[in-house]
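# Coordinate analysis (summary)
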Amino acid sequence: MTILLAEPDPAFEPFRLLDRDGSLRDEAAVEPDIAMVEEMHEAMLRARRVDERLLSLQRRGDLGTFAPVKGQEAAQIGSISCIGDEDWFVPSFREMAAALWRGQSLVDLLVATAGWNEGLATRQDARNLPPAIPVASQLPHAVGIAHAGRLRGEESVVLTYFGDGATSEGDFHEALNFASVLNAPVVFFCQNNGWAISTPRARQTGSRTLCQKAHAYGISAAQVDGNDLLAVRAVTREAVRRAREEGRPSMIEALTYRMEVHTTADDPTRYRDDDEVEKWRARDPINRVQALLKARDQIDDEMIAALESQIEDEINKAWDDAKEQIRELEDGVPDAIFDHVFREPTAELDRQRDLFAKLERRDDG
Amino acid sequence: MTIQVLMPALSPTMEEGKLAKWNVKEGDAITSGDIIAEIETDKATMEVEAVDEGVVGKLVIAEGTEGVKVNEVIAILLEDGEDASAIDAAAAPKGNGGAPAQAEKPSDSGSDVRHDAPVPAQPAATLPDPEPEQAEWPEGTTMKTQTVREALRDAMAEEMRRDDAVFVMGEEVAEYQGAYKITQGLLDEFSDRRVIDTPITEHGFAGIGVGAAFGGLRPIVEFMTFNFAMQAIDHIINSAAKTLYMSGGQMGCPIVFRGPNGAAARVAAQHSQDYAAWYAQIPGLKVCMPYSAADAKGLLKSAIRDPNPVIFLENEILYGKSFDVPDLEDFTVPIGKAKVWRQGTDVTLVSFGIGMTYTLEAADRLAEEGISAEVIDLRSLRPLDRGAVLRSVMKTNRCVTVEEGWPVCSIGNHISSILMQEAFDYLDAPVINLTGKDVPMPYAANLEKLALVTTDEVVEAAKSVCYR
C-alpha cells in the first residue's frame, strides 16, 4: 500500500563538544579559547552563588518571588557571550546569569528582586529588556526589535530566551512565523529545562523535539547539550553570524535542567522524583567546565576556593549596599509609585498623587 | 543589636503558615546557609535558611504552631558578645526592627486612617479655573471638506513625511490600501518598507509593533477592527502599557494602535463592540475616540508624536462622514482636552465618538422645545478632561452622558462619579448615563437599532433631568 502521509522526521541529535569528564570530543576540531572559558566559568560560578543567596534572602522575607537559574548557567553564559553591546538581549524571567553578563550590577539585581523598579533602571543605551512575565510575550518583541534594527540600517542581532513551556504559546508560533516572513535577525534560544512548573516536557507537546517546530516556519534549528558550555557557544555563534550576515533567524533548543524550584512560590518535590534531580546533578554544567580547566592545568581546587571566596565577598558587599538603598527607598516618599506611568505625568495623575501625599501625611500624624 | 528572624513569605499569596519544625535549639550557633526551620503552607513545605550568623537567643514561636503570620518574629539571634538580656530589650511586638520591612504594609495596622476616615468628597466651593475658550485654529483659516477617512489618511501621511521612524503595519494596509481604505495611497508614497502587510495574526503583529517601538521606531498598528484586537490585548496591556513603568522609566513604547471600534451595521455580536471603557481603565495607555474629521486628524497626529502607547478608537460609520477640516500645514489637537460643540445653559450632554451623532441631533430637537443643551465631546478618554465637564455642569446643574458601549463600568459611570464627588452641591437632578443595552449585539437590523443608543432616548433623558 502506498503511504501518502509522511511521518514526522525529527532528525536531531544534541550537539556536544565536552564530555562529562571534561574531555573534548572529536567534533571539537580546534582547541577552545581557554582565557574565554575561564571568564565564562567565573560568570557561571558567580551566577550560581548569587542564585543561592537570592533564594536564602527570599526565604527570609527580604526579596520577592523570583525564578532561580541553578543548572542553566552554561546554557545562558555560553549563548549570551556570543553577542555584543550593539546587539539586544531579550529575556524571559529566568535569565539572571545572562543579565549579569550583560552588565547588570549585583546591587541593582538585589534592589530589583526586593521589588523596586529602581533596580531595573540600567543604562539608557543598554540594549537589554526587563524581564517579561507573561510567558513568551517577549518573542514577538524580539522580532519587532530586530526588524526595527534592519529598517534603521543597523546590523544588530537580537538574542531572545524562553523555556520549553513557552513553545505552546501562540506568541512563539507568531514570532517564528513573522521572523521568517520578515527575515528578522533573531536567535530564538530555548532553554528546555524539562519542566514548565509541574508540567513535564512530555506533556507539553507531541513533537519529539522542540526545535523541529522551527522547520515548519522555514527556520534553521539545532538541538544542543545545554549543559555543555562549549557546544552552546559554538551553536549560538553560528546562529548569531547567520542572523547578522544573512539576516536569517534561527532557533536553538538547549537541553538543560532546572535544578531548583520553578519560582520561589512552588515546591518541586511534589511533582518530580529526587532520582531525576540526582541524575542531572551529575551533569552539573559547572563541574564539567571545571573538569576541562583542570585537565588543561588552568585551575585547581585551591584556585576555585579562592574564587568562591572572592565571589562571596562581592555578594556580601552588594547586599550591604542594596540594603542601604532599599532602606532609603522605603523611607522615601512613596508617591514615586506614580512615576513612569506616562513619560510626562497627566493632570489626573498629579491630582491623585497630591491626594495620596495628603493621606500619607495623615498616616504619619 | 539582636537580629530578629521573621516568618518568611514563601509565596506571593502566603499570609500565614505553620512552623512545622525547628532544626536548631536555643544556644546553637548558626551560620549563613544553615537550615533552621521548616515551614508548611497549604501549598508546600519549605526549609528556612539562616542568612545571618549568630547564636539562637530565643525561639519565640514554638514548633508546631499554626497560623503564624508572615513577618511575625519567630526567633531572635544574638550577635557576637551579646547575652540573653539583650532579647527583652529587642522583643518588640512587630517585626519592623532591624529587618527590612516588607513592601506590603500589614493590613491590621491601627494607624491606617484610610479605613476609619475616608476622604470626604470635596464639594468644590468654587468653579474650577475657567479655561478661556481657545480657538482651535487661527481666525480666517481656510476650511476644506473632508471625510474622517481622508483626514486619518492625511494625518498618517503627514507624520510619515515628518518622521522617518513612523511606519504602518496591519492586515491589508498596503496592497489593498486598507480594509476600510484608511491607508489609501500610503504604499505608493512610502513603499513596502514603511507600509507593511502582515500575516493574519493580531497578537503577532501587535507584539512585533511593541518590539519595534522598543527598538526606536514609531509604529502605527492598524487593527481591521478592535473586535479582533481582543487577541492582541496581552501585548497592548501587559507589554505596551507596562514596560515604561517596569523598566523604571528606561524603556518606553511610543506606538499607536488604531482601527474601527464599536458597532458598524449588521455585523453581529462578535464584530460590534465598543472597547472605550475597557482601554480607558488601563494606567499607561492614552485613549482617544474622535467624532469629527478635524479631531480625527489633529488627535491622530498628536497620538503618533506621543511618547506613550495610544489607543485610537475610530468608527466605521463615521469614516464616510464629512466635516470641515482646517487647511493648515500642521494641525494638531492636544490629547486630553474636550471640545464644547455647543454652548447651552439648561443641561450638559457629554459624549464622544459616534455617540456625538445622537447627542447633536438631540440638542437640535431640545432647542426646538426651548431647552438649551451644552454639548461636550470628550475626544480623549484617558486622560479625561474632567475640568471641562465640571465647568459645564456647575453652570447647567444637570448632566446626561451618551455612549454606545455597555452600561456596567461605562465612561458615563465614571463621569457620574466625578460629578458626585466634586460637584454634588451643583446637581439639581441625578446624572443619567445612556449606553447601549446590556446585551451582545443582535444581528437583525431592527434589533440592532434598538440595542444602540437612540436620539429619542437622549431627548427623553435631557427632558427628564430638566423635570420637563
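Predicted, not measured: the structure shown is a model, and the values here were computed from it. (Residues numbered from 1 in each chain as written. Chains lettered and ligands numbered in written order. Predicted model: local features only at pLDDT ≥ 70, side-chain atom pairs only at ≥ 80, totals over all residues. Heavy atoms only, no water.)

All names here are of chain B. Across the two faces of strand S5 (residues 45-49) the burial differs, with Met46 and Val48 buried and Thr45, Glu47 and Glu49 not buried at all. Across 5 bridges, the pairing between strand S4 (residues 35-40) and S5 is antiparallel. By the bridge assignment, Glu38 is partnered in S5 with Glu47. (Buried < 20%, exposed > 50% of the residue type's maximum accessible area, 1.4 Å probe, protein only. Helix = DSSP H or I, 4+ residues; strand = E, 2+ residues; numbered from the N terminus. Pairing = 2+ DSSP bridges.)

All names here are of chain B. Mean pLDDT over chain B works out to 88, with 88% of the residues at or above the 70 mark. Low pLDDT (under 50) marks residues 90-121, which in the prediction has 36 contacts with non-local residues, meaning those over four places away or in another chain. Prediction confidence for the complex, expressed as pTM and ipTM, is 0.82 and 0.84 respectively. (pLDDT = per-residue confidence, 0-100. Contact = heavy atoms within 4.5 Å.)

All names here are of chain A. Counted at 1.5 Å a residue, the expected span for helix H1 (residues 34-59) with its 26 residues is 38 Å, and the 38 Å between its end C-alpha atoms agrees. The buried fraction of H1 amounts to 21 of the 26 residues, a majority that puts the element mostly inside the structure. Its side-chain oxygen placed 3.2 Å from the backbone nitrogen of Ala35, Asp33 serves as the N-cap of H1. Once H1 ends, the next one or two residues include Gly61, with phi positive near 100°. (Expected span 1.5 Å × (residues − 1). Polar contact = N/O pair within 3.5 Å; in protein donor to acceptor, adjacent residues only side chain to side chain.)

For the rest of this paragraph, the subject is the domain arrangement of chain A. The accessible area lost on association of the parts is a frequent measure of interface size. Domain boundaries in chain A define domain 1 (26-332) and domain 2 (334-365). Taking only C-alpha atoms into account, the centre of domain 1 of chain A sits 37 Å from that of domain 2 of chain A. (Domains from an automatic or database assignment.)

Taken together, the contacts link 69 residues of chain B with 55 residues of chain A. For the pair chain B and chain A, the two sides together bury roughly 5600 Å², of which 58% comes from carbon and sulfur. By the criterion of area lost to chain A, the three top residues of chain B are Ile208(B), Tyr245(B) and Gln250(B), representing 12% of everything that side buries. For the pair chain B and chain A, the number of links is 2 salt bridges. A salt bridge links Glu422(B) to Arg351(A), with the nearest nitrogen and oxygen atoms 3.7 Å apart. Where chain B touches chain A, the interface holds 14 residue pairs in polar contact (both at pLDDT 80 or more). For the side of chain B that touches chain A, the element with the highest residue contribution is helix H5 (residues 202-214) of chain B, accounting for 9 residues. Here the residues of the side of chain B that touches chain A sort into 31 nonpolar, 24 polar and 14 charged. (Buried area = accessible area lost by both parts, 1.4 Å probe. Salt bridge = Lys/Arg side-chain N within 4 Å of Asp/Glu carboxyl O. Nonpolar A, V, L, I, M, F, W, Y, C, P; charged D, E, K, R; others polar.)

Let us look at the sheet that holds strand S15 (residues 310-314) of chain B. All names here are of chain B. If you trace the 7 strands from one edge of the open sheet to the other, you get S11-S10-S12-S13-S15-S14-S20, paired in mixed fashion. The strands lining the two open edges of the sheet, one partner per strand, are strand S11 (195-197) and strand S20 (380-382). Pairs of neighbouring strands in the sheet enclose a mean axial angle of 20°, with direction left out of account. Note that strand S14 (residues 286-288) and S15 share 3 bridges and pair parallel. Of the residues in S15, the one forming a bridge with Cys288 is Phe312. (Axes fitted to C-alpha atoms, helices over the stretch in contact; angles between N-to-C directions.)

Take the pattern of salt bridges next. Per the stated rule, a full pass over the model turns up 54 salt bridges over all chains. Across the pair Arg351(A) and Glu348(A) runs a salt bridge, and its minimum N-O distance is 3.0 Å. You can see Arg351(A) and its partner Glu348(A) sitting in helix H12 (residues 347-364), 3 residues apart, about one turn around the helix. Judged by relative accessible area, Glu348(A) falls into the buried class, the value being 19%. Of the charged contacts in the structure, one is a salt bridge between Glu159(B) and Arg305(B), with a shortest N-O distance of 2.9 Å. In this pair, Glu159(B) is assigned in helix H3 (residues 148-162) and Arg305(B) in helix H9 (residues 293-305), connecting sequence segments 146 residues apart. It is possible to trace a salt-bridge network through shared partners that takes in Glu158(B), Glu159(B), Arg162(B), Lys297(B), Lys301(B), Arg305(B) and Asp330(B).

In this structure, the amide linkage connecting Arg382(B) to the following residue, Pro383(B), adopts the cis form with an omega of -5°. Looking at the element boundaries, Pro383(B) is found in the loop between S20 and helix H11 (386-396). The phi dihedral of Ile197(A) falls on the positive side, at around 45°, and the residue is not glycine. By secondary structure assignment, the location of Ile197(A) is in the loop between strand S4 (195-196) and strand S5 (199-200).

Residues and elements named next belong to chain B. Those residues of helix H14 (residues 455-465) that fall on the buried side of the exposure criterion are Thr455, Val458, Val459, Ala461, Ala462 and Val465. Seen along its axis, H14 keeps its buried residues to an arc of 165°; they face one direction. On its buried side, H14 packs onto strand S18 (347-351), helix H10 (355-368), strand S21 (399-402) and strand S22 (432-434). Two residues or fewer after H14 comes Tyr467, characterised by a positive phi angle close to 55°. (Arc of directions from axis to C-beta.)

Its location among the elements puts Met46(B) in strand S5. On a C-alpha basis, the gap between Met46(B) and Ala20(B) in space is 9.6 Å, while along the polypeptide they are 26 residues apart. Contact partners of Met46(B), with chain neighbours within four places excluded, come to Arg59(A), Thr264(A), Asp266(A), Asp267(A), Leu10(B), Ala37(B), Glu38(B) and Ile39(B).

Here the focus is the packing of H5(B) against helix H6 (residues 233-240) of chain B. Residues and elements named next belong to chain B. Running from N to C, H5 and H6 point in directions that differ by 25°, and their axes come no closer than 8 Å. By the angle between their directions, the pair H5 and H6 is classed as roughly parallel. Contact residues: His203, Ala206, Gly207, Val210 and Phe214 in H5; Asp234, His235, Ser239 and Ala240 in H6. Split into classes, the residues belonging to the contact of H5 with H6 amount to 4 nonpolar, 4 polar and 1 charged. (Parallel < 35°, antiparallel > 145°, perpendicular 65-115°, else oblique.)

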